[in-house]
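# Structural description and commentary
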Amino acid sequence: EGGAIPGIGFLEEVSLGKKVDIGNDVVVVGGGNTAIDCARTARRLGAASVAILYRRTRKEMPANDVEIEAAEREGVRMEFLAAPTKMAATASGVELTCVRMELGEPDASGRRRPVPKPGSEFVVKASAVISAIGQGVDADGLEPEEAGIKLTKWHTLDVDPDTFATSRAGVFAGGDCATGADIAVTAIAAG
C-alpha cells in the first residue's frame, strides 16, 4: 500500500486489457516517453486530473516534443523542477512530499543537474502515483573487467558504433546496454 505503480508494468497491464484501478487524480513521476505514455493512458482510462512531475525543465525532458504536446492537448499538467522525496499511503490514496529543484552544473548526460532548493517542500495528494523514472542496465553480474569488456562513464557497454563490437573479441552488444535508455526501435535496429 502506498507504493508507486511501475510505469512499464502499468502500460503492460492496460495493453493486456486488465483492469487497473488508478482513481481520479494521478501523478506520474518522470520526463521520458514512458512517463508521457503513462499520463496519456491514465487520461484515457478516465482520470480527471493527471500531472507529470519532472525534476528538470521542459527543455531537458527526454520525451519527444510531439508526445509532450499531445499530452498537454489531452489535459495532462506538467509540474517542472519538482521531485518527490517521500511517499505515504493515506485513507484517500497517496501523499507525495516533494521539493522544488533548481538546475546546477551539467551531469554525465550533459543536462544540467537538478539540485534541491532547501525549505521548498510541498505536498501533492493523488489517488495513484506512477513511477516512470527510467530503467537502467544492471552490469553487476557481467563483471566487465574480468570479462575484458569496457564500460562507458555512463555504465553502458563500450561498443564500436559501426560494428557493435565490445572490447572483448567475439562479443557484440546493442540496445539499452550499449546506448542507455532509448526507444525499442533503436534496439531492434542494433539487432
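Anyway, here's the lowdown on the structure attached to this text. Given the structure is predicted, the values throughout are model-derived calculations rather than measurements.

Let us now look at helix α2 (residues 33–44). Over its twelve residues, α2 runs 16 Å from end to end, which matches the ideal 16 Å to within 8%, given 1.5 Å per residue. Where α2 ends, the next residue or the one after it, Gly 46, has phi of about 105°, a positive value.

Packing of α2 against helix α3 (residues 65–73) brings their axes to within 10 Å, and their N-to-C directions diverge by 20°. Overall, the two elements α2 and α3 adopt an arrangement that is roughly parallel. Relative to α3, α2 is oriented so that their crossing is left-handed. For the pair α2 and α3, contact is made by Asn 33, Ile 36, Asp 37 and Arg 40 and by Glu 67, Ile 68, Ala 70 and Ala 71, respectively.

What follows covers the pattern of salt bridges. Applying the stated criterion to the full structure yields seven salt bridges. Arg 40 is paired through a salt bridge with Glu 67; the nearest N and O atoms lie 2.9 Å apart. Placement of Arg 40 in helix α2 and of Glu 67 in helix α3 is noted, with a sequence separation of 27 residues between them.

Now for the side chain of Thr 97. Residue position: Thr 97 is located in strand β6 (residues 93–106). Residue classification places Thr 97 among the buried positions, given a relative accessible area of 18%.

What follows covers the packing of aromatic side chains. The tally for this structure, following the rule as stated, stands at zero aromatic pairs. Over the ring of Phe 122 we find Arg 100; its NZ or CZ atom is 4.2 Å from the centre of that ring.

Moving on, we come to the packing of helix α1 (residues 7–15) against α2. Contact geometry for α1 and α2: axes closest at 10 Å, N-to-C directions at 45°. Considered as vectors, α1 and α2 are oriented oblique to each other. In the crossing of α1 with α2, the sense of the turn from one axis to the other is left-handed. Residues Gly 7, Ile 8, Phe 10, Leu 11 and Val 14 of α1 touch α2, and the partners they reach there are Thr 34, Asp 37, Cys 38, Thr 41 and Ala 42.

Definitions and cut-offs
- Residues numbered from 1 in each chain as written.
- Predicted model: local features only at pLDDT ≥ 70, side-chain atom pairs only at ≥ 80, totals over all residues.
- Heavy atoms only, no water.
- Helix = DSSP H or I, 4+ residues; strand = E, 2+ residues; numbered from the N terminus.
- Expected span 1.5 Å × (residues − 1).
- Axes fitted to C-alpha atoms, helices over the stretch in contact; angles between N-to-C directions.
- Parallel < 35°, antiparallel > 145°, perpendicular 65-115°, else oblique.
- Left-handed = near helix turned anticlockwise from the far one by under 90°.
- Contact = heavy atoms within 4.5 Å.
- Salt bridge = Lys/Arg side-chain N within 4 Å of Asp/Glu carboxyl O.
- Buried < 20%, exposed > 50% of the residue type's maximum accessible area, 1.4 Å probe, protein only.
- Phe/Tyr/Trp six-rings, centres within 6.5 Å; stacked < 30°, edge-to-face > 60°.
- Lys NZ or Arg CZ within 6 Å of the ring centre and 35° of its normal.

Treat this as a map of the structure, not an account of what it does.
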